[in-house]
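Notes for the structure review
These are the residues of each chain, in order.
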Amino acid sequence: MTLFLLRRTALAAVILLIVAILLFSMMHMIPGDPTVVALGPRSTPEMREAFREMMGLDRPVLEQLSMFLGRLAQGDLGQDVWSRRPVLTMILEVLPYTVTLALASFVWAVALGVLLGCVAVVHHGKWGDWLIGLVSIAFVAVPSFVVALYSLLVFAVWLNWLPAIGAGAPGDIAAQARALILPSFAVGLGWVGYVSRLVRAAMIEAMGEDYVRTLRAYGVAETRIVYRYALKQALLAILSVIAIGFGGLLTGSVFAEIVFTRPGLGKMTYDAVMSRNYPLVMGTVLVTSGLYVTCMILADAVTAWLDPRVRSAL
Amino acid sequence: MAAVTATTAGETTIREPGPLQRAGITLAHVLSHPLGAIGFVLVVLIVATALFAPWIAPYSPTAISVKERLADPSLSHLLGTDQLGRDLFSRVIVGTRTAMTVALTALSVSIAIALPLGLIAGYGPRWLDAIMILVFDSVSSLPMIMLGLAVVVLLGPGVSTVILVIVLYSVPSYARLVRTQTLSLKTRDFIKAEQVMNAGTPRILFRHLLPNVIGPLVILACLDISTVITLEAGLSFLGLGVKPQIPSWGNILSDGFAVIRNSAVPVIAGGAPLILATVGFTFFGEALRDALDPKLNPERKP
């Protein structure tokens, strides 16, 4: 088990290293003077020279790469071009907003998705199952930013029930919760469909197992079999998928944060892209990839913990 | 479509139906499922709109009319006009063409790149395979939209950047599929027979492996069309995709978002075709996959 996790962690570390090298080479593939790209066209020659010196751009490429990786290893993601603040500090400031949004979306989406999946299994082969299947695929297909825009239009602009902008004042829990409703709806909707389909497939598989036949032979009620025995099996089966998905949710919040003008990792990346704040973009991309890969390891750990066969497979 | 059926039909059948007949059988299978029927109707509608866009659109999608800014829907402007007085209906119609062009170009380029890469990884030496898989995994571990933002900040917005982002996102998973297929085909008797008969590697790769690998790949690409449309519209919505004057659903949404408190029509007009297209292509893709190759369904355990 430990060996398995060590291997997965090592692989994740290698992947992150490659991502960092890819980002570094992308930075060097930019056509034109990197200092102009980083500082913007309005920068003076003195500013560019200072920047060149600071970033070590006058040294050989390989030396720059090792310096870049060395700084990364120390947790130094560079400085914001405009405010000169450390990128890592800025990311850590907004990260809680994104994690809150992802968690909120996750909780309601998994709850509703599991429920829909169960209802579909109970009605297996009937029109209820068919309808839930149709709705689930549609939920998965519809782009989250269209959901965000439409829900903003209906609930914030027309009905004026919920705030259209921001994350609520710090300390005001009620306002924060209200500001969370629409964005988490937009982020989670696709996941409702995804989870319901996974649960349905896993439960239908479980319903074909011998122990379910035995339960039926003992006269256990069908709903009890579905909600108590098959569901347990299905939940175990989807746990690992859900852990990977959480990494996806973190990035799925990009559009919701922009549409609802909510502070967060996605909004920050977008603003950094718009202002061509190069170190900040690299930093956020690296941090999100890191979170993503961490979720992948967690998923592997959960799977390996639940299913000993996986441990020996890799 | 006929080519897809041909490769998945299996090599043991002696008298196979002709390509047209096979396409007909596949289509009948897709249509027999209500999901596939809805999807097929939507797909036909969208493709037809894209093909005949210039004839359907009553106005030029870029003609600015300052006097008629943000006009309500009327008989002369079916969906009203946007903040520059451009006819929204025409923009939506021509936007269909933009979406389809970008999606099809990007997916064709992805397939063209992923095929040789996957064949090399699957048929080439083990060390090369290991390196390629590691690189694919690394690129896939970059979240798609973040990858897009990183590329846009480097190359600037534009159609070619959008296509590049889509290619970067799809090539790893496509190449992986080709690799897996190649690995399993490599041990099959008909490939071994070729090797014994001293067939050259290019002959084995292109004459025997390629036709067997391309079918599943095309299905995967079909399933991806709605993701790709979403990605293009999403980047355009952020102002990082196709240029603002080019009509695209994402641009319409972006313009509409800016005036959402004055008029709801542009946002609704930009979002509705996007919903119809993504839902339509997903329904159709799923039905097509089930008709041609149910093994590809990730929810089905082998």
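Residues numbered from 1 in each chain as written. Chains lettered and ligands numbered in written order. Predicted model: local features only at pLDDT ≥ 70, side-chain atom pairs only at ≥ 80, totals over all residues.

As recorded in an unreviewed UniProt entry, chain B goes by Peptide/nickel transport system permease protein and comes from Mycoplana azooxidifex. As stated in UniProt under Sequence similarities (unreviewed entry), the record for chain B gives "Belongs to the binding-protein-dependent transport system permease family." Here chain B is described in UniProt, under the heading Subcellular location (unreviewed entry), as follows: "Cell membrane". (UniProt positions renumbered as here; feature names shortened; annotations may be inferred.)

If you check an unreviewed UniProt entry, chain A appears there as Peptide/nickel transport system permease protein from Mycoplana azooxidifex. Per UniProt, the comment on chain A under Subcellular location (unreviewed entry) is "Cell membrane". Under Sequence similarities (unreviewed entry), UniProt gives the following word-for-word description of chain A: "Belongs to the binding-protein-dependent transport system permease family."

Turning to the overall build of chain B, a few remarks are in order. A count of helices and strands for chain B gives 11 helices and 0 strands. Taken along the three principal axes of its C-alpha coordinates, chain B extends 75 × 45 × 30 Å. Here chain B holds 302 residues, and 45% of them are scored as buried. For chain B, long-range pairs separated by at least 24 residues make up 67% of all intrachain contacts whose partners lie at least 6 apart in sequence. (Helix = DSSP H or I, 4+ residues; strand = E, 2+ residues; numbered from the N terminus. Buried ≥ 20, exposed ≤ 12 C-beta atoms within 10 Å, placed from the backbone. Contact = placed C-beta atoms within 7 Å.)

What follows concerns the overall build of chain A. Looking only at helices and strands, chain A has 13 helices and 0 strands in total. Starting at the N terminus and walking to the C terminus, you meet the elements of chain A as α-α-α-α-α-α-α-α-α-α-α-α-α. By the burial criterion, 39% of the 314 residues in chain A qualify as buried. Within chain A, residue pairs in contact and separated by at least 24 positions form 72% of the contacts whose partners lie at least 6 positions apart.

Our next topic: the packing of helix H4 (residues 88-123) of chain B against helix H11 (residues 265-292) of chain B. Residues and elements named next belong to chain B. Between H4 and H11, the shortest axis-to-axis distance is 11 Å and the interhelical angle comes to 30 degrees. Crossing handedness for the pair H4 and H11: right-handed. Here Leu88, Val92, Thr96 and Ala99 of H4 come into contact with H11, specifically with Val265, Pro266, Ala269, Pro273 and Ala277. Looking at the contact of H4 with H11 residue by residue, the classes come out as 8 nonpolar, 1 polar and no charged. (Axes fitted to C-alpha atoms, helices over the stretch in contact; angles between N-to-C directions. Left-handed = near helix turned anticlockwise from the far one by under 90°. Nonpolar A, V, L, I, M, F, W, Y, C, P; charged D, E, K, R; others polar.)

This part covers unusual backbone geometry. Residue and element names in this part refer to chain A. Of note, Thr261 is a non-glycine position whose phi angle comes to about 45 degrees, a positive value. Note that Thr261 resides in the loop between helix H10 (222-259) and helix H11 (265-274). Thr261 sits in the exposed class, given 12 other C-beta atoms within 10 Å.

This next bit is on the domain arrangement of chain A. Residue and element names in this part refer to chain A. For chain A, the domain assignment lists domain 1 (2-73) and domain 2 (94-313). Going through the elements one at a time, helix H1 (2-29) and helix H2 (34-39) are the ones with two or more residues in the side of domain 1 that touches domain 2. Considering every element that reaches the side of domain 1 that touches domain 2, the biggest residue donor is H1, with 10 residues. (Domains from an automatic or database assignment.)

So, about the UniProt feature "transmembrane region" (unreviewed entry) in chain A. Taking the numbering used here, the UniProt-annotated feature "transmembrane region" (unreviewed entry) corresponds to residues 94-122, 134-161, 173-194, 234-260 and 280-306 of chain A. For the annotated span residues 173-194 of chain A, helix accounts for 100% and strand for 0% of the residues, and the straight-line distance between the end C-alpha atoms is 30 Å.

Right, let's talk about the interface of chain B and chain A for a bit. Quoted interface sizes are often the accessible area lost when the parts come together. In this assembly, 38 residues from chain B lie in contact with 39 residues from chain A. Broken down by element, the side of chain B that touches chain A gets its largest block of residues, 9 residues, from H11 of chain B. Its residues assigned to classes, the side of chain B that touches chain A comprises 25 nonpolar, 8 polar and 5 charged.

Before going further, it helps to examine the UniProt feature "transmembrane region" (unreviewed entry) in chain B. Residue and element names in this part refer to chain B. Here, the residues flagged by UniProt with the feature "transmembrane region" (unreviewed entry) are residues 37-57, 99-124, 144-169, 213-240 and 260-285. Measuring from the first to the last C-alpha atom of residues 37-57 gives 27 Å, for a span that is 95% helix and 0% strand. Spanning residues 213-240, this segment combines 89% helix with 0% strand, and its end C-alpha atoms are found 35 Å apart.

Side chains of residues three or four places apart in an α-helix project in the same direction, reflecting 3.6 residues per turn. For helix H4 (residues 61-73) of chain A, with 13 residues, the first-to-last C-alpha span of 18 Å sits near the 18 Å given by 1.5 Å per residue. One or two steps after H4 of chain A, the chain reaches Gly75 of chain A, where phi turns positive at roughly 80 degrees. (Expected span 1.5 Å × (residues − 1).)

All names here are of chain A. Core analysis: the largest hydrophobic core is formed by 160 residues, its most contacted members being Ala148, Val195 and Val281. The residue makeup of this core includes at least three contributed by each of domain 1 (2-73) and domain 2 (94-313). When residues no more than four places from it in sequence are discounted, the contact partners of Val195 are Ala109, Val110, Gly113, Val114, Gly117 and Ile238. (Core = buried A, V, L, I, M, F, W, Y, C linked by C-beta atoms within 7 Å.)

All right, on to the environment of Ala272 of chain A then. Residue and element names in this part refer to chain A. With respect to the secondary-structure elements, Ala272 resides in helix H11. Classification of Ala272 as buried rests on a count of 25 C-beta atoms within 10 Å. For the pair formed by Ala272 and Gly219, sequence separation is 53 residues and the distance between their alpha carbons is 62 Å. The contact partners of Ala272, leaving out residues within four places of it in the chain, are Asn277, Leu280, Val281 and Thr284.

To continue, consider the UniProt feature "domain: ABC transmembrane type-1" (unreviewed entry) in chain B. Within this structure's numbering, the places UniProt gives as "domain: ABC transmembrane type-1" (unreviewed entry) are residues 96-285 of chain B. Helix makes up 84% of residues 96-285 of chain B and strand 0%, and the two end C-alpha atoms of the span are 18 Å apart.

On to the packing of helix H5 (residues 87-122) of chain A against helix H8 (residues 173-207) of chain A, then. Residues and elements named next belong to chain A. Packing of H5 against H8 brings their axes to within 5 Å, and their N-to-C directions diverge by 35 degrees. Handedness of the crossing formed by H5 with H8: right-handed. Counted by class, the contact of H5 with H8 contains 23 nonpolar, 7 polar and 1 charged residues.

Taking 1.5 Å of rise per residue, the 28 residues of H11 of chain B would be expected to cover 40 Å, and the 40 Å separating its terminal C-alpha atoms lies within 8% of that figure. Where burial is concerned, most of H11 of chain B is hidden: 22 out of the 28 residues are buried.

What follows is about the environment of Pro86 of chain A. All names here are of chain A. With respect to the helices and strands, the residue Pro86 is situated in the loop between H4 and H5. We classify Pro86 as partly exposed; it has 17 C-beta atoms within 10 Å. Taking the C-alpha atoms as reference, Pro86 lies 9.6 Å from Pro279; in sequence the two are 193 residues apart.

Residues and elements named next belong to chain B. On average, residues of chain B score 81 in pLDDT, and 91% of them are at 70 or above. For chain B, helix H1 (residues 2-8) is the element with the lowest average pLDDT, namely 46, and H4 is the one with the highest, namely 90. The low-confidence segment residues 1-13, where pLDDT is below 50, has 24 contacts with residues more than four positions distant or belonging to other chains. Reported confidences for the modelled complex are a pTM of 0.82 and an ipTM of 0.80. (pLDDT = per-residue confidence, 0-100.)

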